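Residue-level listing of the chains:
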Amino acid sequence: MEIDGVVTTPVLSYVFSNTGEHKVKITTKKLENLFKNAKELISVDFSECDGSVYTSMKNLFYYCTSLLSITWGDCTLPKVNTLEYAFYNCTSLSSIDLSPLSGADVTSMQNTFTSCEKLTGVIWGECRFPNLTNINRAFMNCGKLTSISLSPFEGSVASINVGYLFYDCISL
């Protein structure tokens, strides 16, 4: 819901290993840097959030080295336009479900999963990236990644930066 240009959403729940469960209202259209460097973050639950207003997930979970799970519930993310560094160095995260994401407006996934050492796979659901121009280093240093579906990237723009996309993914 938007009131005078300010987005108001229901409560977001999250858990830190050292301080327990917290709940907060998010009053922004961008999730940028929301949990950046929150090294004690274990889980986040977006089930009660209206994801239709969020436009950016840049650095959302950057360096959340203890992150184990993300719950989306009925939250959908149709307007997100960047996933740059969104899960960068989430070294404890073994899988991620991105099926709530439309992908239609996403232009950059640079370093999205870089150094997610335990990541074994990504669930894309119906997510598609027709406007993606940068996927540079997106899965770099994901040593446990055993397979990845590239179907969400079919039909992406003709010129796309894929440098070091799977660099050091030794299990692929």
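One can find the structure itself at the top, above this paragraph.
Since this is a predicted model, take the numbers as computed values, not measurements.

S.K.: I keep staring at the environment of Thr91 and nothing clicks. Help me out?
M.R.: One can find Thr91 in the loop between β6 (69–71) and β7 (95–97). C-alpha of Thr91 to C-alpha of Leu67: the two residues are 24 residues apart in sequence and 7.7 Å apart in space. When neighbours within four sequence positions are excluded, Thr91 is seen to be in contact with Cys64, Thr65, Ser115, Glu117 and Lys118. There is a polar contact of 3.3 Å between the side chain of Thr91 and the backbone oxygen of Thr65.

S.K.: Would you explain the pattern of salt bridges in this entry?
M.R.: One side chain can pair with another of opposite charge once the charged atoms of both are near each other. As enumerated under the stated definition, the model contains one salt bridge in all. Residue Lys58 is joined to Glu84 by a salt bridge in which the shortest nitrogen-to-oxygen separation is 3.6 Å. A residue pair is termed long-range when its members are at least 10 positions apart, and Lys58 in the loop between β5 (41–45) and β6 and Glu84 in the loop between β6 and β7 qualify at 26 residues. The exposure class of Lys58 is partly exposed, given its relative accessible area of 29%.

Reading the values: rules and limits
- Residues numbered from 1 in each chain as written.
- Predicted model: local features only at pLDDT ≥ 70, side-chain atom pairs only at ≥ 80, totals over all residues.
- Heavy atoms only, no water.
- Helix = DSSP H or I, 4+ residues; strand = E, 2+ residues; numbered from the N terminus.
- Contact = heavy atoms within 4.5 Å.
- Polar contact = N/O pair within 3.5 Å; in protein donor to acceptor, adjacent residues only side chain to side chain.
- Salt bridge = Lys/Arg side-chain N within 4 Å of Asp/Glu carboxyl O.
- Buried < 20%, exposed > 50% of the residue type's maximum accessible area, 1.4 Å probe, protein only.

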